[in-house]
Amino acid sequence: MPAGAVGSGSGESRGARGGPAELLPQELRILVAVADSGGFSAAAAALGLTQSAVSHSVRGSETKLGAVLFERGRGGASPTAAGERAVGHARRILRLYEVMGAEVRGAGRGADPVEGVLRIAAFRSAALHLLPPALERLTARHPGIRPEVRVVREIGPGTAGEVAAGRADLGIATLGVAQGLPPGLLSGVLVEEAYSLVHPAGHPEPRTLPLMDWDENCGSYTRAWWLEQDWIPRATVKAEDDAMVLTMVGRGLGMAIMPELSLREATEAVDITCLGPEGPVRRVGYVTTSESAATLAVRALIRELRSTNG
């Protein structure tokens, strides 16, 4: 069977040199469309194909890769563990085709080859405070770049998961957390920020107030430090995000322990107290893939992030 042909028989399809046959770009697009739409019919409609063509392509991809990629059911199709990995690689490969086109066209015109869409995932406070000055400098140097920033909550896979899944070229993430990064990703520290105690302004005994927390902070490695502090109450009040925590503290509803990025939005309604040299510190940095790190736009963004926040 020729390399890249859609397998139709049983067993693993082999390429011309005896290795697994490669998937064609259209086969990759179909895998991504099925995963994104949740079904073969919806993917076919999105791509302008018939459902049988989509089904045939997916079966061929499964034969080539030697694994079941989707669980089929009446409710649609969902990626298996192998399928999640395949779809992530497919998105990243298709993205490289796009980047190759943008860089080559720019170089061919004798223009700035750093152009095209640059996809960034960041948690809320990083999107508000770390990214804007870096993007301002980046787009001033390279007017052809079009940043697309999505705010992603740092829960579960978080921003690093968006990069691993091929939905972002670079993520701004909390580094050093217990679950670590998905395999195959590169990272670099941009800032180290201390946590501080924030409490209602003028409160005589802020440490007697309930502790306020938010979901994104629950998996933080600072939790171990918190548990060692006798003065921090175990019962907590939960809020949706750090901005809501800051607002509720300002209303006198509790105290909180928050990182510097979140406290850049603090108003006169709160006081901020340093926790001292033994207090917790979190590292915030960029996360990308090895292939994206070699692209001109991502390299340029990393330079600006380091220059702005270094």
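Data block above holds the structure.
First, a word on scope: everything that follows refers to the structure included in this document. Since this is a predicted model, take the numbers as computed values, not measurements.

Definitions and limits used
Residues numbered from 1 in each chain as written. Predicted model: local features only at pLDDT ≥ 70, side-chain atom pairs only at ≥ 80, totals over all residues. Heavy atoms only, no water. Axes fitted to C-alpha atoms, helices over the stretch in contact; angles between N-to-C directions. Helix = DSSP H or I, 4+ residues; strand = E, 2+ residues; numbered from the N terminus. Parallel < 35°, antiparallel > 145°, perpendicular 65-115°, else oblique. Left-handed = near helix turned anticlockwise from the far one by under 90°. Contact = heavy atoms within 4.5 Å. Nonpolar A, V, L, I, M, F, W, Y, C, P; charged D, E, K, R; others polar. Expected span 1.5 Å × (residues − 1). Buried < 20%, exposed > 50% of the residue type's maximum accessible area, 1.4 Å probe, protein only. Polar contact = N/O pair within 3.5 Å; in protein donor to acceptor, adjacent residues only side chain to side chain.

1. A short note on the packing of helix H1 (residues 25-37) against helix H2 (residues 40-47)
Reasoning step 1: Relative to each other, H1 and H2 sit at 120°, their axes nearing to 8 Å. By the angle between their axes, H1 is oblique relative to H2. You can see that H1 and H2 cross each other, and the crossing is right-handed. For the pair H1 and H2, contact is made by Arg29, Ile30, Ala33, Val34 and Ser37 and by Phe40, Ala42, Ala43 and Leu47, respectively.
Reasoning step 2: Counted by class, the contact of H1 with H2 contains seven nonpolar, one polar and one charged residues.

2. Side note on helix H12 (residues 296-309)
Reasoning step 1: The terminal C-alpha atoms of H12, which comprises 14 residues, lie 20 Å apart, in line with the 20 Å expected from a rise of 1.5 Å per residue.
Reasoning step 2: Of all the residues in H12, the buried ones are Ala297, Val298, Ala300, Leu301, Ile302, Glu304, Leu305 and Asn309.

3. Remarks on the environment of Asp241
Reasoning step 1: Residue position: Asp241 is located in the loop between strand E8 (236-239) and helix H9 (242-250).
Reasoning step 2: Separated by 117 residues in the primary sequence, Asp241 and Arg124 have C-alpha atoms spaced 8.6 Å apart.
Reasoning step 3: Those residues within four positions of Asp241 in sequence are excluded, and the remaining contacts are Arg124, Trp214 and Glu216.
Reasoning step 4: From its side chain, Asp241 meets the backbone nitrogen of Ala243 in a polar contact 3.1 Å long.

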